[in-house]
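# Report on the structure
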Amino acid sequence: MSSLLSSYQHITQAWQKLRGQWLATSEQWRDGVHQRFEREQWQAIESTVLDYAKSLEALAGLIDQMQRNVK
Amino acid sequence: MSSEIKVEEKSLRALESALGRFQREAQETLTAVQHEVSRTQSWLRERHDYWQREREQARRALDQARREVQRAEAALSACLAWRDDEGRGRSCWSEEAALRAAQLELRQAENRLSAAEAELQNVQRWMARVEQAVGEYATYADRLSDAVQSGLPQAQSFVRFRLSDLELYLQMEGGAKDLSEARLFGLFAHRAEREAVEKAFPGRVKTEVWVTEAEGKRGRIDLLLPDSILDYKFSDLETKRPAALRRALREVVSQLERYRGSPDTPQGAALAVHFGFRPSSDAIRQYVEDYLSQHSISVMWGE
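Here's what I pulled together on the structure shown here. (Residues numbered from 1 in each chain as written. Chains lettered and ligands numbered in written order. Predicted model: local features only at pLDDT ≥ 70, side-chain atom pairs only at ≥ 80, totals over all residues.)

This paragraph deals with the overall build of chain B. Scanning chain B from N- to C-terminus turns up five helices and five strands. Burial analysis of chain B (303 residues in total) assigns 21% to the buried set. When contacts within chain B are restricted to residue pairs at least 6 apart in sequence, long-range pairs at least 24 apart make up 72% of them. (Helix = DSSP H or I, 4+ residues; strand = E, 2+ residues; numbered from the N terminus. Buried ≥ 20, exposed ≤ 12 C-beta atoms within 10 Å, placed from the backbone. Contact = placed C-beta atoms within 7 Å.)

Pasting the structure below:
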């Protein structure tokens, strides 16, 4: 397994843990401040992390292909 | 009510910790990927240099093989032309074999050169593709890095602020045993001001705005208008000794100037501070107003 793929798995697992905690917290925290946190903080973080993970996955795939093709 | 708040508090503390953990893990990932990308690019450059050297060697071998073929052809021609005194020729078997061997070497050298050129072109194509992919990745890595540096700490601060609100509720319900009166009052007053402003000017002002200050630190502005920054202060200036009052005012100036210098606030924003306690002494009020006006900070007094 390439090191980049391992990094991809690392960040996606870390993200799943944070997201799990966010969902658990959301169950307990249901006021306007929660909505504000979600709108002003969480959504930006989520979008940034998901875009990053997608770009890392693409890069890992390309480099893996390159390593098999370059002698 | 208190038990519900305690559950929320526990859950928020877990979220705050999870945000901190993710921040560290995201930074680890960014560092590891950067290292791996550098290593990959370095390996590609090494392969590029290798195939360039192979191509040069193959070219030299091809030149040498061509010369060998020419020499073998000349030797065969000389052999075929040779005649003894009686006009008889001789066997040219070894010259013909040498020519065939030289021609075989030539074909092998041509093949080796084409293989080296193909590999070199292949490496160059991959270098370009990897370069482009790394460029695209870097855009998202920069965004994640910004989130690690500011978005995640800001989210943590938001959660901490919410926790301080809960702390306030719990302390109020429990008689404020462990919270100093000043802190309790500060928390309550900030919250009351925020709610009053949000109610009076819905959507027209921003409250509790987190901004980046110098050196990447974060600061929270109490009230941000399109052209001005307002901060609330609830300490009782009247009870402060002169040296403590000067220190407090220096801190107000420093804090507001940091906000004004932030790239997140309107350029040239006017600065104002609202003191919740109006000192009864004209002299103190005048001193505060004079001190802050030297720094172009307006003063408003509570009643």
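On to the interface of chain A and chain B, then. Between chain A and chain B, the contact holds 34 residues from the first and 39 residues from the second. Elements supplying a minimum of two residues to the side of chain A that touches chain B: helix 1 (3-28) and helix 2 (32-69) of chain A. When residues in the side of chain A that touches chain B are grouped by element, the largest group, 17 residues, is from helix 2 of chain A. By residue class, the composition of the side of chain A that touches chain B is 21 nonpolar, ten polar and three charged. (Nonpolar A, V, L, I, M, F, W, Y, C, P; charged D, E, K, R; others polar.)

Moving on, we come to the pairing of strand 2 (residues 218-224) of chain B. Consecutive side chains along a regular strand alternate between the two faces of the sheet. Residues and elements named next belong to chain B. Across six bridges, the pairing between strand 1 (residues 206-212) and strand 2 is antiparallel. Its bridge partner lying in strand 2, valine 209 is registered against isoleucine 221. As paired elements, strand 2 and strand 3 (residues 228-233) share two bridges and run antiparallel to each other. Within strand 3, the residue paired with leucine 223 across the bridge is leucine 230. Between strand 2 and strand 3, which pair antiparallel one after the other, the connecting turn spans three residues. (Pairing = 2+ DSSP bridges.)

Along the chain, alanine 147 of chain B turns up in helix 2 (residues 93-174). Overall, alanine 147 of chain B belongs to the buried group, with 23 C-beta atoms counted inside 10 Å. With 124 residues separating them along the chain, alanine 147 of chain B and glutamine 23 of chain B place their C-alpha atoms 8.3 Å apart. Not counting residues within four places of it along the chain, the set of residues in contact with alanine 147 of chain B comprises Ile45 and Thr48 of chain A together with Leu152 of chain B.

What follows deals with the pairing of strand 4 (residues 270-275) of chain B. All names here are of chain B. Across the two faces of strand 4 the burial differs, with Leu271, Val273 and Phe275 buried and Ala270, Ala272 and His274 not buried at all. Pairing between strand 3 and strand 4: six bridges, direction parallel. Across the sheet, the residue bridging to isoleucine 229 is leucine 271, located in strand 4. Each parallel crossover has a hand, and the one from strand 3 via helix 4 (residues 242-260) to strand 4 is right-handed. (Right-handed = clockwise from strand over helix to strand, strands pointing away.)

Residues and elements named next belong to chain B. For helix 4, built from 19 residues, the straight-helix expectation of 27 Å at 1.5 Å per residue is met to within 8% by its first-to-last C-alpha distance of 27 Å. Within the span of helix 4, buried status applies to Leu249, Val252, Leu256, Tyr259 and Arg260. One side of helix 4 holds all its buried residues, which, seen down the axis, span an arc of 100°. Structural note: helix 4 exposes Ala243, Ala244, Arg247, Arg250, Glu251 and Ser254 on the side pointing more than 90 degrees away from its buried face. (Expected span 1.5 Å × (residues − 1). Arc of directions from axis to C-beta.)

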